[in-house]
Amino acid sequence: MAVNAALGRFLPSSATKPATIHKAMHYSLFAGGKRMRPALCLAAAAACGGKEQEAMPLACAVECIHTYSLIHDDLPAMDNDDYRRGKLTNHKVFGEGIAVLAGDALLTQAFEIAAKCRSWPRYSHQDIILELAKASGSLQLIAGQVADLEGEGKKISVSQLKYIHERKTSALLCCAVRLGGMSANCTAVQLKALTDFGYNVGLAFQIIDDILDVTQTSEQLGKTAGKDTAAQKATYPAIIGLEKSRRIATQLTERAFAALKIFGGKAVALEALATYLLQRDK
Ligand code: GRG
């Protein structure tokens, strides 16, 4: 797959000293993730008439940030999980110290990749770096994780849950889509459409993730199923039930589709991904 080959080029090899940290970074990055964020980034670039090779560094940068967040989320201090992407979690193989550092190094790697890529007439390096920093910072990804941790075992409302989903999940998905558009030097109107698409697909993605947590087995998911119920986490299925959750995910996907109208048929790859994300079973 082109994304895996590009990630292999952007990262120091696993034999690079200190080998332990590079092995740990490679272990999680190449553990078999679905690569949805890179796929969305490349599809957004295509919708705006861009080239895959221009979007690829940004697609890889987002995947590095995503993988860092999974490694840290699995740590005993957070979700304490033993399996991810069908394999033992990073800290189970390399120990907690190295897992923390592998996450830190992947986050840093993302900014190195972005800093090395080109700029575009409408988007400077500063714009690109800012996009990644905002999505992964303490107002978005980390804010979502904080609210998620603090909400465990508590009764929270649907609007509080939406706050978590917007930050924990939608922010980085939306960032992937926006960066794809930026790599194609997209117009402001196109960027707004991609933002609406990414936001809605991101929310639908998390609802589906919560549905799968209660309907699929650990083997099917490649991670421990039923964790949300065990941790008394607030999820859409727990608050409003499975059927209503599915209906909301479908409505959000329809909104995502509506946002793509301005591309007049050039956003077929984004449409296919949104459909897949709604129908996925892992
Ligand atoms: C630790 C800063 C920090 C953040 C953690 C990513 C995250 C926030 C928590 C992980 C748990 C979770 C439910 C996150 C929401 C996003 C999500 C559903 C991630 C899983 O994404 P997939 O299904 O995973 O695309 P793969 O392995 O296929 O890449």
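Only a predicted model underlies this, so the values are computations on that prediction, with no experimental measurement involved.

Conventions we followed
- Each chain has its residues counted from 1, following the order in which its sequence is written.
- Given that this is a predicted model, residues contribute local features only at a pLDDT of at least 70 and side-chain atom pairs are listed and counted only at 80 or more, while totals for whole chains, interfaces and linings are drawn from all residues.
- Note that the side-chain values use all heavy atoms of the structure and ignore hydrogens as well as water.
- A cutoff of 4 Å decides nearness: a residue is near a molecule or strand if any of its heavy atoms lies inside that distance of it.
- Any pair of N or O atoms that falls within 3.5 Å is considered a polar contact. Within protein, one atom must be able to donate a hydrogen and the other to accept it, and sequence-neighbouring residues count only if both atoms are side-chain atoms.
- Surface exposure here means Shrake-Rupley accessible area, sampled with a 1.4 Å probe, where a residue is shielded only by the protein chains that are shown.
- What counts as a helix is a DSSP run of H or I of at least four residues, what counts as a strand is a run of E of at least two, and both are numbered from the N terminus.
- When residues are sorted by character, Ala, Val, Leu, Ile, Met, Phe, Trp, Tyr, Cys and Pro go into the nonpolar class, Asp, Glu, Lys and Arg into the charged class, and all the rest, Gly among them, into the polar class.
- Three exposure classes are used, based on accessible area relative to the maximum for each residue type with a 1.4 Å probe and protein chains only: buried under 20%, partly exposed in between, and exposed over 50%.
- Here, two residues are considered to be in contact whenever any of their heavy atoms come within 4.5 Å of each other.

Things to note about the site of the ligand
Of all residues adjacent to the ligand, which total 18 residues, the nearest are Lys34, Arg37, His66, Ser69 and Arg85. Interatomic distance of 2.8 Å between a side-chain N/O atom of Arg37 and an oxygen atom of the ligand. In isolation the ligand exposes 700 Å². Once the protein is present, 93% of that is buried. Secondary-structure elements contributing two or more residues to the shell around the ligand are α4 (52–74), α8 (141–151), α9 (158–183) and α10 (188–215). Take the shell around the ligand: its biggest share by element is 6 residues, from α4. Partitioned by chemical class, the residues of the shell around the ligand number 5 nonpolar, 7 polar and 6 charged.

Quick word on the side chain of His22
Within the secondary structure, His22 sits in helix α2 (residues 19–29). Residue classification places His22 among the buried residues on the basis of a relative accessible area of 10%. Excluding residues within four positions of it along the chain, His22 makes contact with Pro12, Ser13, Ser14, Thr16 and Lys17.

What to know about unusual backbone geometry
The step from Lys17 to Pro18 runs through a cis peptide bond, and the omega angle for that step is -5 degrees. The backbone phi angle of Arg35 is positive, close to 60 degrees, even though this residue is not glycine. Locating Arg35 in the fold gives a position in the loop between α2 and α3 (36–47). Taking relative accessible area as the criterion, Arg35 reaches 4% and is therefore assigned buried. The residue Arg85 is not glycine, and still its phi comes out positive at about 50 degrees. Of note, Arg85 is situated in the loop between β1 (83–84) and β2 (87–88). Taking relative accessible area as the criterion, Arg85 reaches 15% and is therefore assigned buried.

All we've got here are geometric facts, nothing functional implied.
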